[in-house]
2 protein chains.
Amino acid sequence: MKKFVNDPKQFVPEMLRGIALANPGSLRYVPAYNLIMRADAPRDDKVSVLQGSGSGHEPAHVMIVGKGMLDAACPGDVFAAPPVDYVLETTKLLRSEKGVLHIVNNYTGDGMAFEMGRELAEAEGINVATVVVNDDVAVQDSTYTVGRRGVAGNFFVIKAVGAAAEAGAGLDDLVALGERVNAVTRTMGMALTSCTPPAKGSPLFELGDDEMEMGVGIHGEPGRSRERLASANEIVDALVEAVVTDLPFQRGDAVALMINGLGATPISELYLLYGRAHEQLEGRGIQVGKSYVGEYCTSLDMAGCSVTLVRLDDQLVSLLDEPAEVAIRTF
Amino acid sequence: MKKFVNDPKQFVPEMLRGIALANPGSLRYVPAYNLIMRADAPRDDKVSVLQGSGSGHEPAHVMIVGKGMLDAACPGDVFAAPPVDYVLETTKLLRSEKGVLHIVNNYTGDGMAFEMGRELAEAEGINVATVVVNDDVAVQDSTYTVGRRGVAGNFFVIKAVGAAAEAGAGLDDLVALGERVNAVTRTMGMALTSCTPPAKGSPLFELGDDEMEMGVGIHGEPGRSRERLASANEIVDALVEAVVTDLPFQRGDAVALMINGLGATPISELYLLYGRAHEQLEGRGIQVGKSYVGEYCTSLDMAGCSVTLVRLDDQLVSLLDEPAEVAIRTF
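Values in this document were obtained by computation on a predicted structure and should not be read as measured data.

Engineer: Before we go on, may I ask you to explain the interface of chain A and chain B in this structure?
Structural biologist: Accessible area lost during the coming together of the parts is what is often quoted as the interface size. The interface of chain A with chain B comprises 62 residues on the first partner and 62 residues on the second. A combined buried area of about 5400 Å² lies between chain A and chain B, and 66% of that area is made up of carbon and sulfur atoms. Inspection of the region where chain A meets chain B yields four salt bridges. Residue Lys-3 of chain B pairs with Glu-269 of chain A through a salt bridge whose shortest N-O separation is 3.1 Å. Where chain A meets chain B, there are 18 residue pairs in polar contact (both at pLDDT 80 or more). Looking at the side of chain A that touches chain B, the elements that each hand over two or more residues are α1 (11–22), α4 (154–166), α6 (232–246), α7 (267–283), β11 (287–294) and β12 (304–311) of chain A. Sorting elements by how many residues they give to the side of chain A that touches chain B places α7 of chain A first, with ten residues. For the side of chain A that touches chain B, the per-class residue count stands at 36 nonpolar, 14 polar and twelve charged.

Engineer: Mind showing me how you'd approach the sheet that holds strand β8 (residues 211–214) of chain A here?
Structural biologist: For sheets, the rule is that strands pair by backbone hydrogen bonds, running either parallel or antiparallel. All names here are of chain A. Ordered in space as β9-β8-β7-β12-β10-β11, the six strands form an open sheet in which the pairing is mixed. In this open sheet, the two strands that pair with only one neighbour each are β9 (225–228) and β11. Looking at each pair of strands side by side, their axes are set apart by 20° on average, direction ignored. The sheet contact formed by strand β7 (residues 185–191) and β12 spans seven bridges and is antiparallel. Bridging across to β12, Thr-187 finds its partner in Thr-308.

Engineer: What should I look at first to understand the nonpolar core in this one?
Structural biologist: The nonpolar side chains of soluble globular proteins are, as a tendency, buried together. Residues Leu-101 and Tyr-271 of chain A together with Leu-101 and Tyr-271 of chain B are the most contacted members of the largest nonpolar core, which totals 210 residues. Apart from the residues within four sequence positions on either side, Leu-101 of chain A is in contact with Val-47, Ser-48, Val-49, Leu-50, Ala-129, Thr-130, Val-131, Val-161, Leu-171, Leu-174 and Val-175 of chain A. Core analysis: the next-biggest nonpolar cluster, separate from the first, contains 19 residues, Val-30, Leu-88, Phe-114 and Ala-121 of chain B among them.

Engineer: Mind showing me how you'd approach the relation of the copies chain A and chain B here?
Structural biologist: Here two copies of a chain appear, and what relates them is a rotation about an axis with a shift along it. Turning chain A through 180° and shifting it by 0.0 Å along the axis lays it on chain B, with an RMSD of 0.0 Å. In symmetry terms, the pair is related by a two-fold rotation axis. For chain A, the minimum C-alpha distance to the rotation axis belongs to Ala-264 of chain A and amounts to 1.9 Å. When the interface residues of chain A are mapped onto chain B, 100% of them again lie at the interface, so the same face is used by both copies.

Engineer: I would appreciate a short explanation of α1 of chain A in the present structure.
Structural biologist: Side chains that are three or four residues apart share a direction in an α-helix, a result of its 3.6 residues per turn. Between the first and last C-alpha of α1 of chain A there are 17 Å, a value that for twelve residues agrees with the 16 Å anticipated at 1.5 Å per step. The buried fraction of α1 of chain A amounts to nine of the twelve residues, a majority that puts the element mostly inside the structure. Where α1 of chain A is concerned, the buried positions are Phe-11, Val-12, Glu-14, Met-15, Leu-16, Gly-18, Ile-19, Ala-20 and Ala-22 of chain A. Those residues of α1 of chain A that are buried are in contact with β1 (27–30) and β2 (35–38) of chain A together with α7 (267–283) and β11 (287–294) of chain B.

Engineer: Help me understand the pairing of strand β1 (residues 27–30) of chain B, please; the structure alone is not making it clear to me.
Structural biologist: The side chains of a regular strand alternate, residue by residue, between the two faces of the sheet. All names here are of chain B. The sheet contact formed by β1 and strand β2 (residues 35–38) spans four bridges and is antiparallel. Bridge assignment links Leu-27 to a residue of β2, and that residue is Arg-38. The loop that links β1 with its antiparallel partner β2 comprises four residues; one of these, Asn-34, has a positive phi angle of about 45°.

Engineer: In this structure, what is going on with the environment of Val-65 of chain A? I would like to understand it.
Structural biologist: Residues and elements named next belong to chain A. Turning to its location among the elements, Val-65 is positioned in the loop between β3 (48–51) and β4 (72–73). As a C-alpha pair, Val-65 and Val-181 span 116 residues in sequence and 19 Å in three-dimensional space. Residues contacting Val-65, with those up to four places away along its chain left out, are Leu-27, Ile-36, Met-37, Arg-38, Leu-70, Asp-71, Ala-72, Ala-73, Glu-325, Val-326 and Ala-327.

Engineer: How do you make sense of the domain arrangement of chain A when you look at a structure like this?
Structural biologist: Residue and element names in this part refer to chain A. The domain boundaries assigned to chain A delineate domain 1 (8–183) and domain 2 (185–313). Placing the centre of domain 1 and that of domain 2 at their C-alpha centroids yields a distance of 23 Å. Taken together, the 30 residues of domain 1 in the interface contact 36 residues of domain 2. Counting the surface lost from both domain 1 and domain 2, the interface buries some 2700 Å², and carbon and sulfur atoms represent 63% of this. Among the residues of domain 1 in contact with domain 2, Phe-79, Val-137 and Phe-156 are the three that bury the most area, contributing 23% of the side total. Where domain 1 meets domain 2, there are two salt bridges. Two residues, Arg-148 and Asp-246, come together in a salt bridge whose shortest N-O distance is 2.6 Å.

Reading guide: rules and limits
Residues numbered from 1 in each chain as written. Chains lettered and ligands numbered in written order. Predicted model: local features only at pLDDT ≥ 70, side-chain atom pairs only at ≥ 80, totals over all residues. Heavy atoms only, no water. Contact = heavy atoms within 4.5 Å. Buried area = accessible area lost by both parts, 1.4 Å probe. Salt bridge = Lys/Arg side-chain N within 4 Å of Asp/Glu carboxyl O. Polar contact = N/O pair within 3.5 Å; in protein donor to acceptor, adjacent residues only side chain to side chain. Helix = DSSP H or I, 4+ residues; strand = E, 2+ residues; numbered from the N terminus. Nonpolar A, V, L, I, M, F, W, Y, C, P; charged D, E, K, R; others polar. Pairing = 2+ DSSP bridges. Axes fitted to C-alpha atoms, helices over the stretch in contact; angles between N-to-C directions. Core = buried A, V, L, I, M, F, W, Y, C linked by side-chain atoms within 4.5 Å. Buried < 20%, exposed > 50% of the residue type's maximum accessible area, 1.4 Å probe, protein only. Least-squares fit on C-alpha atoms with pLDDT ≥ 70 in both. Expected span 1.5 Å × (residues − 1). Domains from an automatic or database assignment.

What follows is the structure, encoded as structure tokens:
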């Protein structure tokens, strides 16, 4: 296993400690719940926005805690939902007069943990609401999911909701906004390679030297098809076609286009993919209004990418344009 | 070769086109010279800051063109110095009353291209100066270098010089500043895996499953030693020891600490490494004043990392704190 690891059981805590040490003024780390939270949260004039899924998808979500994004994230271990007590205790720590919003990717384990955590928190008098993200068009049901999976598109839900929460929006309005963004967001990904969880020490699935997995999930779940390795353009064209035809996005639409790397793909390759996707969309009469290229939601050290499109409107553009202060944008 | 590539010869132009399409308002792309430049450059009230090395190190340097950083970058092909005419024509396009500064990593090919390009530009009446970066402590001479190599530490030279140039500093002052930052900056890297240039299609060097290369160069050049794979902590400790003892950094120093990924290492692992490095430095009485974790100077799809330390003073902190607007920090 060619990874930077000490004890695999300490992989997540050691990563979280690093995040905390790198951001001493702005973030607080609570080891008991794998919790990274804003040092200035909770605030009673603002809904607290919380996301917790498995680890292994960084920067999602522990590295996008900050002003204008998440107030907290309490991930489980690698590719594992957080235990219920993480959700409950984090919700209690984030308790605000205006309420607490849980943003949950649609996986069975995450859904159960957050539903139970929410019920327990409500029993303590905390006002909690939930937005479920399910942007992945690849498959209807999957290994860990009934219905569609939540993947990189959750960035847009978090960004929009985070900006609106910062501006003082109430809990009901944030739920409506989050659901509205999720409803116009579509993603599909693909893998060139498998990924290796530290505790397993070997690849999660096998993929031949001349194979790729189209529609792969971010935990290595099977996608639509195992195919022969293709050129960058052929791959992008297939992903764009799958995403565009799903909503469908139509001539005259303005969109945000995200090319997301899955963990081991260099940013040079992501920009190469971006160029092709941008041209394909413009060729279909779909205007690219905002661009995102880089790693947003990864699958450990998987080489691969996903394409996300979001149909833009004026309100969404202005929320996406709001500043965000997160740990990982230091230049 | 598991990469996103079409024609390997078009790898760099296709990446550059992607950068341009993703940043239509702020960047200009001149295909003839692999040139990415600020759309508002040159300005006669500001020295133009130019960097051009090989491609394959992204985000260095085409993705760090922007306000407060570089005015332009004109890279060669993957791991190849830019041709002299790229340097000359870029310098002419960036011509400013206040002069043009070339920041050059210390490699023989880059040095020759920039020296000749500078002479030709001076013959046309352009005022040009050069800062050479050589922060890599691993080896004295190397495959492509007489003296020490320039690696991820060049980010700090660019950031400081870029901020000072934005504030109106003159050419001589920028040279002095760049040399001063370079003089207090030290880096060492290591590889868990090799990397695969698109045109070669196979790994640049061989590294066994249980081996790592300590002190590796960013073009896969040999380092100090080929060693048996070690734990994350052992690796960081060795890199920190090599870097600290070189300047040397001393008890009471305040430093910027950068953990740089070499292209295929997930950011989760980089933060794990960061935590250990931070603690090791504090244990030596060296205070970490600024933190940088992510990819700054890569080697295609190499899994690995480098550790950079910069001795801080008040002026340098304030230059590093200045805002920078670059293509790749979209959140």
